[in-house]
Amino acid sequence: MKLQDEINKSEGFGNLDHLANQIVEGFISGMHKSPFHGFSAEFAEHKIYNNGESTKHIDWKLYAKTDKLYTKRYEEETNLRCHVIIDNSSSMHYPKLKEQSLSEYNKIGFAALATASLMKLLKKQRDAMGLSIYSEEYEYYLPEKGSERHFQLLLHQLEETLKKNPQQRKTETYTYLHQIAEKVKRRSLIFLFTDMFQSNEDEQRLFEALRHLKYNKHELVLFHTFDEEKEVNFDFDEAPKRFTDVETGEVIPLYAENVKEEYQKEVKRYMKHLAQMCLQYRIKYVPVNIHDNFNKILTTYLIERQKFK
């Protein structure tokens, strides 16, 4: 699946202009009408040095050529830094598909498409984006930048992630969220896409890792990603089935109808508990069904961006 083609056709991205106008009307245009003159890596222009100003940014090479003092003036590359984290464990590749497409994708496909859509919006806003992907290892890391080349690297990595179908790959969330937290140095808006299926870690250690992501005043949004039809409603036919844990390989034969009611109660209880825990730790909890469009993802970004100070 070519993400560049898919996101241009997607319903969520098709509503991008409408979302931006309705949710942050005037905010983006007001921010970008004039450049921000910080001191970033992108050189913009010179201005004449005035007595009393700091000499830190004097262009001495230009002084040697012109015998006049000028300071380097910079246009701020970005207004916000965003880091997206994707859980790439085996459970995120459910349901198993022969091929990802816009009409049919699984949890990792949804996360990749949502991230690519966010990337398009971040570019429009002149914001920087970084990316981390983990499973039972820390698979990929790219720090936050806002250049066109950087976004192409991100897009390529998302496409490469979709090509793989890992087998029995567990989620080492606790370990790698701590490592990611150490890498994201400057204050950022962090988005985490995960189905919150953990096989080894206890809940307290998981939330300690999530809390670590809020270190240094980061804002954290947890996109709890799931297939509502199967994973929440447990909507299977009455035929006997062998249910396999894709991360451990454990097999349980059963009739879905026999456990459906109790299963639904447990899942709803679990999701309610997650929401309460996130509220306690001041983490924004956003449940997302992969069969919905991307509007909730994009709207959350625009709202959180406006609140980000």
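Now for a description of the structure that goes with this document. (Residues numbered from 1 in each chain as written. Predicted model: local features only at pLDDT ≥ 70, side-chain atom pairs only at ≥ 80, totals over all residues. Heavy atoms only, no water.)

Examining the overall build of the protein
Thinking step 1. Assigned secondary structure in the protein consists of 12 helices and 10 strands.
Thinking step 2. Taking all 309 residues of the protein together, the buried fraction comes to 46%.
Thinking step 3. Sequence separation of 24 or more characterises 77% of the internal contacts of the protein that already satisfy a separation of 6 or more. (Helix = DSSP H or I, 4+ residues; strand = E, 2+ residues; numbered from the N terminus. Buried < 20%, exposed > 50% of the residue type's maximum accessible area, 1.4 Å probe, protein only. Contact = heavy atoms within 4.5 Å.)

Description of helix α7 (residues 148–163)
Thinking step 1. In a regular helix each residue adds 1.5 Å, so 16 residues correspond to 22 Å; α7 covers 23 Å between its end C-alpha atoms and thus fits that length.
Thinking step 2. Taken together, the buried positions of α7 are occupied by H150, F151, L154, L155, Q157, L158, E159, T161 and L162. (Expected span 1.5 Å × (residues − 1).)

With respect to a nonpolar patch on the surface
Thinking step 1. A surface patch of nonpolar side chains, about 290 Å² in accessible area, is lined by W60, Y63 and L69.
Thinking step 2. Topologically, L69 is positioned in the loop between α5 (60–66) and β2 (70–74).
Thinking step 3. L69 sits in the partly exposed class, given a relative accessible area of 31%. (Patch = residues over 30% accessible without salt bridge, like charges linked within 9 Å, V, L, I, M, F, W, Y side chains within 5 Å. Areas by Shrake-Rupley, 256 points an atom, 1.4 Å probe, with all protein chains shown as cover. Salt bridge = Lys/Arg side-chain N within 4 Å of Asp/Glu carboxyl O.)

Considering the nonpolar core
Thinking step 1. Judged by nonpolar contacts, the single largest core of 41 residues is most densely connected at F191, F193 and Y301.
Thinking step 2. Sort the elements by how many residues they give to this core and helix α6 (residues 107–125) lands first, with 11 residues.
Thinking step 3. Those residues in contact with F193, other than ones at most four positions away along the chain, are V84, I85, I86, D87, M92, A111, A114, T115, L118, F223, T225 and I297.
Thinking step 4. Core analysis: the second largest hydrophobic core is formed by 29 residues, M196, A209, L274 and M277 among them. (Core = buried A, V, L, I, M, F, W, Y, C linked by side-chain atoms within 4.5 Å.)

A short note on the packing of aromatic side chains
Thinking step 1. This model, assessed by the stated rule, comprises nine aromatic pairs.
Thinking step 2. On the numbers, 6.3 Å between centres and 40 degrees between planes, the contact of Y105 with F110 is tilted.
Thinking step 3. Overall, the relative accessible area of 12% leaves Y105 in the buried class.
Thinking step 4. Given a relative accessible area of 1%, F110 falls into the buried group.
Thinking step 5. Residues F207 and Y281 carry aromatic rings whose centres are separated by 5.5 Å and whose planes lie at 20 degrees to one another, so their mutual orientation is stacked. Here Y281 lies in the loop between α11 (256–280) and β10 (284–289) and F207 lies in helix α9 (residues 203–213), a separation of 74 residues in the sequence.
Thinking step 6. Judged by relative accessible area, which is 0%, F207 ranks as buried.
Thinking step 7. Taking the relative accessible area as the measure of exposure, Y281 reaches 11% and is therefore buried.
Thinking step 8. Put simply, the rings of F191, F193, F223 and Y301 touch in pairs and so form one group of aromatic residues.
Thinking step 9. In this structure, K183 packs its charged tip against the face of Y141, placed 4.6 Å from the ring centre. (Phe/Tyr/Trp six-rings, centres within 6.5 Å; stacked < 30°, edge-to-face > 60°. Lys NZ or Arg CZ within 6 Å of the ring centre and 35° of its normal.)

Without other data, these values stay purely geometric and don't point to any function.
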